[in-house]
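A structural walkthrough
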Amino acid sequence: TGIFPYGFVIRNPSTPGSRTLPVATGPNDYAGVMTLTFRLPLQSASTTDVFAVVAQFLAVQDSETRMTESIEESQDTAGVRRLRERASQLGATTVTVLPGSPAQSPFVVDYPGQRTICTVRTAGTVASPATFITAPAGYARLGIYRTGETLDPCAANFTAGTAEYAHYGMPYTVTLRSMDRYGNVATLTPDTVTLASSDGTATMPAAGGMTGGSVVRVPTYVTYGNSMLYAKGRRLASEAQMTVWGMTRTWTGNVNTLWAENGDWVENMTTGVQDSVIIPGDRPNYPLLVQNQTIAGVTMTPGATVQPTINLSSFDLTVNGSVALGTTGMFAGTGRLLLGGPPGSTIGGGLSNFDVRNLRVLGTYSVTSNINVTGGRIVVQGGRLRNEKLRIRVRPS
C-alpha cells in the first residue's frame, strides 16, 4: 500500500558477524543474505490466516547514507555496538532510532546524524495509517519504574523522568510492569514478581502479583550508596540501580526527647548519618542525647514562645556539614560538638551567640557569628576555623 523508506543492511553468510561482501564474479553472484522479520496476528478462523507474503523492492539512488536501529537491536547491547561500528564504517549521515532505544539517553553515545521516530506505519497511507510497528505484542519485558520515573512509549528504555534517591529507613515505591518490547503494557498477562537486592541490609517486600499489567512494591534501605535492585517474574528478569542518599528531617518532639524515637520526626523515621535536621521552635519536647549521634547538618528556626535546643548531655554530636542556630537556637549539656564538614561549611547564629560547652573542629569552617565556648574548650584537630571581624572566645562557666 505504499513505499517505506527502509534501509536494509545485508550480512555475509560465510563469515558470521561480517557485513562485508566479496567482490561479485558475475551479474548473478549474490553473496549476501538479508533477513526480514515480521509478525502477523492469527485470525479467529484459520482459513483467514495469512499464508503467503509478497514484497516488492524499489531501489533508489540516495545521496545520503541512512541506517535504522531496529527495536530488537536497541535491546541488545552487542547489536547496538555492531550497528554503531557499521554506521561509522559506512559514513552514515542519518541513523534513525525507534521507540525505547537507549541511544536516546543523554548518557549514551549518539549515532551519526541520530534522529528518533516514535511511530512508524507498517500498513496504510501517510494520511490514513492502518498499523504501526509498535502495535501491542506479547509479554517480553519486565519494566522497573522507580519513584520519579514514568512510562513513556517513545523515550529511552520507555522511561521518562528521573529516579529519586532512596532515603535511610524510608519506604521507597517501585512500580513493576509487564510490557512488550514496543513499550506497551501487557494488561492481560498474569505474572508474580519477586524483588531482591545486592544490598544485604535492605528489606525487600513479599512477591506481588500483577493486576492490569502492573504491581507496586515498597522496599526499604538502611545503607547509603549504590546497589542493584533485581526483579524476577516467572520467566523474565530485570534490574535497576538504586542510590540511597541523605535527606532533611524535621523534629516534632511529639512523643518524647529521644533522638531515635521515630515518632519525634515529621518523616516518622529517625536520622541516618547523611541526613540533615531542622529543629523548629514551639515544640513540646526537644532532643536529649543518650548516645553519640552523627548527622550531616543542623538548622534551628525560632519559635514564638519556646526556642529550639539540642541537649548534648555528655555525648558527642558529630555534624559533617553546616550548623545554623538561627537567632534563638541553643546547645545545652557538657557533651562535645564535633564539626567534620568540607570546605564551605559554616557555623553561627544562636541566642545571643553561638554557644557550646566543647567544640572540636575536624573540617573546614567559616564562622557567621560570634562563637563562645563556655566552661570547656575549643580544639582544632586537623581542620580549619576561618574568622573575619567576629569574636571566638573560650570563657569559664
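Just above sits the structure.
Cut-offs and rules
Residues numbered from 1 in each chain as written. Predicted model: local features only at pLDDT ≥ 70, side-chain atom pairs only at ≥ 80, totals over all residues. Heavy atoms only, no water. Helix = DSSP H or I, 4+ residues; strand = E, 2+ residues; numbered from the N terminus. Buried < 20%, exposed > 50% of the residue type's maximum accessible area, 1.4 Å probe, protein only. Contact = heavy atoms within 4.5 Å. Areas by Shrake-Rupley, 256 points an atom, 1.4 Å probe, with all protein chains shown as cover. Lys, Arg positive; Asp, Glu negative; His and termini not counted. Charge placed at Lys NZ, Arg CZ, Asp CG, Glu CD. Disulfide = S-S within 2.5 Å. Pairing = 2+ DSSP bridges. Phe/Tyr/Trp six-rings, centres within 6.5 Å; stacked < 30°, edge-to-face > 60°. Lys NZ or Arg CZ within 6 Å of the ring centre and 35° of its normal.

**Section: the overall build of the protein**
For the protein, the helix and strand inventory stands at two helices and 32 strands. Referenced to the eigenvectors of the C-alpha coordinate spread, the extents of the protein come out at roughly 105 × 45 × 40 Å. Across the 397 residues that make up the protein, the buried fraction comes to 37%. Long-range contacts, defined as pairs at least 24 residues apart, comprise 45% of the intrachain contacts of the protein with a sequence gap of at least 6. Accessible area of the protein: about 21,500 Å², with a carbon and sulfur share of 54%. Taking the average location of the 30 positive side-chain charges in the protein and that of its 25 negative ones, the two points are 7 Å from each other.

**Brief notes about the state of the cysteines**
As used in these notes, a disulfide is a covalent bond between sulfur atoms, one from each of two cysteines. Counting across every chain of the model gives one disulfide. The disulfide partner of Cys118 is Cys154, and the gap between their sulfur atoms is 1.8 Å. Because the torsion about its S-S bond is -75°, the bridge between Cys118 and Cys154 counts as left-handed. On the criterion of sequence distance, the pair formed by Cys118 in the loop between β3 (114-116) and β4 (121-124) and Cys154 in the loop between β7 (149-151) and β8 (159-161) is long-range, its members being 36 residues apart.

**Regarding the sheet that holds strand β19 (residues 297-301)**
What the seven strands build is an open sheet, ordered β16-β17-β19-β22-β25-β28-β31; its pairing is parallel. Strands at the two margins of the open sheet, each flanked by one partner only, are β16 (248-250) and β31 (384-386). For β16 and strand β17 (residues 276-280), the ladder comprises three bridges, and the chain directions are parallel. Its bridge partner lying in β17, Arg249 is registered against Val277.

**Remarks on unusual backbone geometry**
Although it is not a glycine, Asn268 sits at a positive phi angle of roughly 60°. Mapped onto the fold, Asn268 is located in the loop between β16 and β17. In this structure Asn268 comes out as exposed when scored by relative accessible area, which is 51%. Here Ser313, not a glycine, exhibits a phi torsion of approximately 55°, which is positive. Turning to its location among the elements, Ser313 is positioned in the loop between β20 (309-311) and β21 (316-319). Judged by its relative accessible area of 24%, Ser313 falls in the partly exposed class.

**Some points on the packing of aromatic side chains**
Pairs of aromatic rings are described using the distance from one ring centre to the other and the angle between the two planes. This structure, assessed with the given rule, holds five aromatic pairs. Ring geometry for Tyr168 against Tyr224: centres 6.2 Å apart, planes inclined by 20°, an arrangement best described as stacked. Taken together, the residues span a long stretch of sequence, with Tyr168 in the loop between β9 (166-167) and β10 (174-179) and Tyr224 in the loop between β13 (214-217) and β14 (225-232) at a distance of 56 residues. The cationic tip of Arg84 hangs over the ring face of Tyr111; the distance from NZ or CZ to the ring centre is 4.6 Å. Directly above the aromatic system of Tyr145 lies the positively charged group of Arg177, at a separation of 4.7 Å from the ring centroid.

**Notes on the environment of Thr368**
Assignment of secondary structure puts Thr368 in the loop between β28 (364-367) and β29 (371-374). Separated by 22 residues in the primary sequence, Thr368 and Leu390 place their C-alpha atoms 7.8 Å from one another. Discounting residues that sit within four places of it in the chain, Thr368 has contacts with Thr346, Ile347, Gly348, Gly349 and Leu390.

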